[in-house]
Amino acid sequence: MKADKNVLIFLLSSIGLIVFPHVYHIPATVFGFFCLLLAWRFIGIWNQHWLPNKPVIFLLAVCGMALLYSQHQGIFGRDAGTNLFITALGLKLLEIKKERDLYLISYLAFIVAASQFLYEQNILMAAYILLVCCLLLATLVCINSCKAQTLAALKTAAIIIVQALPIAVALFILFPRVDAPRWMVFNQQRHDRMGLSDSMEPGSISDLGVSEELVFRVKFAGAIPPQRQRYWRGPVLSRTDGKRWTQAAFYEPLSSPVVTGTAYQYTLLMEPQDKNWVFALDMPKEFSPSLSLNAAYQLITLESPDKRAEYKVTSYTDYNTGLINRSEYKAATQLPGEPSDKIKQLVSRLHGFDSPPDNFIKQLLNHFRVEDFHYTLTPPVMEENPIESFLFNTRYGFCSHYASAFVYLMRVAHIPARVVTGYQGGELNKVGDFLEIRQADAHAWAEVWLESRGWVRVDPTAAIAPERIERDISVDRQFVYGIAGENSQAYNWLKQARQLWSSVDYNWQRWVINYNNKSQSKFLSSFGISDLKTMIYWMIIIIGSITAVLCWFLFYQKSKTTDQVLLSYNRFCKKLAKHGLFRGAGEGAKDFAERVKIKLPEQAADIDQITAVFINLRYGRTATGEDLQQLKALVGLFRA
Amino acid sequence: MQNAIHQLLDSANQVILGKPRQVRLALCCLLARGHLLIEDIPGVGKTTLAHTLAKLLGLNYQRIQFTSDILPADIIGACVFDTRNHEFKFHPGPVFNQMVLADEINRATPKAQSALLEAMEEHQVTVEGKTYPLPQPFFVIATQNPSHQIGTFPLPESQLDRFLMRIELGYPDHQAERQLLAGQSRHKLCESLPVQLPPEQLQQIQQAVTQVYVSAALLDYCQAIISFTRDSSEYHCGLSPRAGLALLTAAKAWAFMDRRDAVIPEDLQAVLAAVAGHRLRAGNSHSEAIVAPILANVAVH
């Protein structure tokens, strides 16, 4: 078969578009191999003789297999399976000989398109896949139509997809769900994501300071706590070598914190991340059973963190963590070495080593405020002895500089202190009424242990840049992007658009992606569908009725002729069709009558009369209304 | 009038054995005032068919054997100097006859072919600036050998279009061939045929054919056929508007022969292969095969 050029161009382009998003998921070699094959086939449209012959295709297939084996040592697992399909699709492209091959390639392409959802399930990807499926369908329409017309084919494909949507929705809601088998989850390559790490060096958070990437969303059941209380607790860093802060070994806390005041109930929707940290509002008290609280009061999830996950947490902003044990005390007062004289002088000037710790905290915060300290996301590099050079020389820094300097000075004064990293604030999405916490909200603050109050949060950054903590917009973003006024129209418009989009995405996640077998059974039981059997009955009923409606629509479209003569004659044809006598599409009434008379010799006279009246009505010049009445009567009386 | 037609057909079928459909199509073509092209291998009765029709219709008949060295003057005639009157005198060629059989037209050079085809279209001949009208009625029956035979100049599309119909005769079936072999000479049979439809009556019939009614529903079907040939990938180029007109004219004649005063889709279907086959030029296949997709796919309503 000489496949039509247009059809081939259509098919190859849609396949290119389908495979393209996989560039992020499959190894570059496999993707390159596929691109080579696709390009080869594209050239082959115009230069038939350049296409590979059988031995070359065989060699290419061997190459593909070797490539797959070198990447995955097999074909098992999500990545290996996807690569297998993509390689097979590329190889099949080179041997389009019959129409059958075109169909096979189209179906393979549909599978590759669906495999995209194993990696990404966001709404944009869904829309993209739907679009390329439309292209692929249009290709199938082109293959089957006598004259390929691009626009008409696209229109037909779009209509097919729109018609399929109600069935897809019904199946989505009603189809029994199973949890993905384990093999789909293991052997996936991890991708580096941005986020907090389990160590901190002054400057490390500044990379996050400009990233708009979403970390998690929070939907509060009731009131939203004020901005200055919204500290989302991440890893707690106690050990330091003077430069780098890391997590200390965890110890069991002596007592669980005593909470008072307002309870905040909320749902956390975590974006995929590398670490199994869940950022809860200080201090989490009740939470989903899949979470656990570690000794530093940080929530840890037991589930795999590389998927979006939803947790229910209740937190209290007023709390008392009580006493600490000796090892914890030791960890919280650990110093990398003997502090320098300059530091000791500063501490003794502000504290004197004998006034109560409260006083020292106040003095130190005041020191940051009145002295010439500046908040910036682009501080000068402090290689040697960063705390000292920050305190006495540069005096330019951001949260991690302030927090580490503060904790260091506390420890010099023998007050237990530690650095807490996490996120602060979050932007309210007015459309969806939830908070969005982005990487730019990453923050570091200090915790000081006071005898009567337990661990108390102190944020030295608030002393130097209160707007970073108090206000609803990110100062950092403004620093970086230089957006002049937050009230400028464009900014507001952009913000609203982003909030709207974010809300759509949030609902997509909640209602579509998170619709698993648990939420399905919950949702369906609210309609009284409790077991699998009723579910399947309902599924069959709904799919059946949608199909019936579509069929009726099709049927109605076909018989929408209003010509009375034709209607009568069609009724006559239908009566004959009951006897298996169907009029061919290109068969005239007279020829049909001749054919039918052989099968039904007794009715020959009737058939002749009906046909004669019909032909006269339809093609003759002397037809009258009476003839129509006669035809109707004859057809009515006709019994085959 | 129709009775005369059917008697004529019966007589013709006595001579041309086993080909009633082709004979009927050939007569239909003449009734629709069209020229006929018969394409087949030598010896299947092309010339006999032309000769028989000429005899039965009582028309002046002249045969022109086309060869590769035939000149236009051999067909249309030439001016010859008359020494007695000292002037040029036009000697009309064989084309000045009511029925002209152009035998093996595709053996002649394009120049000679076009001389005949021009006469067919214009119904007149111009020599040295002077125009001579051709007799009425005027028919050309051309025969041609399949173009794969050696020594042929295939007729270009534009000239094929001048022929209302192209028919293929094909081999006779077993029974007809037996009858042919056992019977007397076709030539003698032909000579003894009486005139059954004199030219005056023929012209009346031709006039009556134009009056056959064509309904809107039939025009729908006709247009559906034409647009199918234009949209389908089966054909390189679709039917021209002239082809559409030819189709209708032929269908009218067919309906008239069938004793009807209105055209029905079956008439169009009957003449479709003969009228459209050579215009669609889909390779070397038979006309029936060429138009089969149309008959199968275009719906009759």
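Here, every reference points to the structure presented above.
The following refers to the structure shown. (Residues numbered from 1 in each chain as written. Chains lettered and ligands numbered in written order. Predicted model: local features only at pLDDT ≥ 70, side-chain atom pairs only at ≥ 80, totals over all residues. Heavy atoms only, no water.)

### A few points about the pairing of strand S3 (residues 231-237) of chain A
Residues and elements named next belong to chain A. Stated precisely, the cut-off is as follows: Three exposure classes are used, based on accessible area relative to the maximum for each residue type with a 1.4 Å probe and protein chains only: buried under 20%, partly exposed in between, and exposed over 50%. Secondary structure elements follow DSSP: runs of H or I of four or more residues count as helices, runs of E of two or more count as strands, with numbering from the N terminus. Two strands make a pair as long as DSSP finds a minimum of two bridges between them.
Within S3, seven of the seven residues are buried, which leaves the element mostly enclosed by the surrounding structure. Looking at chain direction, S3 and strand S15 (residues 417-424) are connected through five bridges and run antiparallel. The partner of Tyr231 across the bridge, within S15, is Gln424.

### Topic: the environment of Leu245 of chain B
Along the chain, Leu245 of chain B falls in helix H11 (residues 241-257). Spatially, the C-alpha atoms of Leu245 of chain B and Leu164 of chain B are 9.9 Å apart, while their sequence positions differ by 81 residues.

### Remarks on empty space enclosed by the protein
Residues and elements named next belong to chain A. Selection criterion: Only protein atoms enter the 1 Å grid used here, on which a cavity is any set of points holding a 1.4 Å probe that cannot leave and a pocket is any open set flanked by protein within 12 Å on both sides along at least five of seven lines; residues with an atom within 4 Å of a point are listed as lining. Grid points are joined across faces, edges and corners, and a volume is the space filled by probe spheres set on the points. Note that Gly is not counted as nonpolar here; it falls among the polar residues with everything else outside the nonpolar set of Ala, Val, Leu, Ile, Met, Phe, Trp, Tyr, Cys and Pro and the charged set of Asp, Glu, Lys and Arg.
The final tally for this structure, using the stated rule, is four cavities of 30 Å³ or more. Looking at the second largest cavity, its volume works out to about 40 Å³. Lining the second largest cavity, in full, are Met270, Glu271, Gln273, Trp277, Val278, Thr301, Pro305, Lys307, Ala309 and Tyr311. Within the residue set of the lining of the second largest cavity, elements represented by two or more residues are strand S7 (277-278) and strand S12 (309-320). The residue makeup of the lining of the second largest cavity, split by class, is six nonpolar, two polar and two charged.

### Focus on a nonpolar patch on the surface
All names here are of chain A. Selection rule: Residues qualify for a patch when their relative accessible area is over 30% and they have no salt bridge, like charges being joined within 9 Å and the nonpolar side chains of Val, Leu, Ile, Met, Phe, Trp and Tyr within 5 Å. For the accessible areas, the method is Shrake-Rupley and the probe is 1.4 Å, while residue cover comes only from the protein chains on display. Should a side-chain nitrogen of Lys or Arg be within 4 Å of a carboxyl oxygen of Asp or Glu, the pair is scored as a salt bridge.
On the surface, a nonpolar cluster with roughly 460 Å² of combined accessible area is contributed by Leu124, Val431, Leu500, Trp501 and Val504. With three residues, the single largest contributor to the nonpolar patch is helix H16 (residues 489-513). Mapped onto the fold, Trp501 is located in helix H16.

### Describing the sheet that holds strand S9 (residues 163-167) of chain B
Two modes of strand pairing occur in sheets, parallel and antiparallel, and in both the strands are linked by backbone hydrogen bonds. Residues and elements named next belong to chain B. Here is the rule we go by: Fitting a line to C-alpha atoms yields each axis, with helices limited to the stretch in contact; the angle taken between N-to-C directions then spans 0 to 180 degrees.
One open sheet holds the five strands; their spatial order is S2-S5-S8-S1-S9, and the pairing between them is parallel. Either end of the sheet is taken by a strand with one partner, and the two such strands are strand S2 (61-65) and S9. On average, each strand axis in the sheet is inclined to that of its neighbour by 20°, with strand direction left out of account. One ladder, built from five bridges, connects S2 with strand S5 (residues 99-103); its direction is parallel. The residue of S5 that forms the bridge with Gln65 is Asp103.

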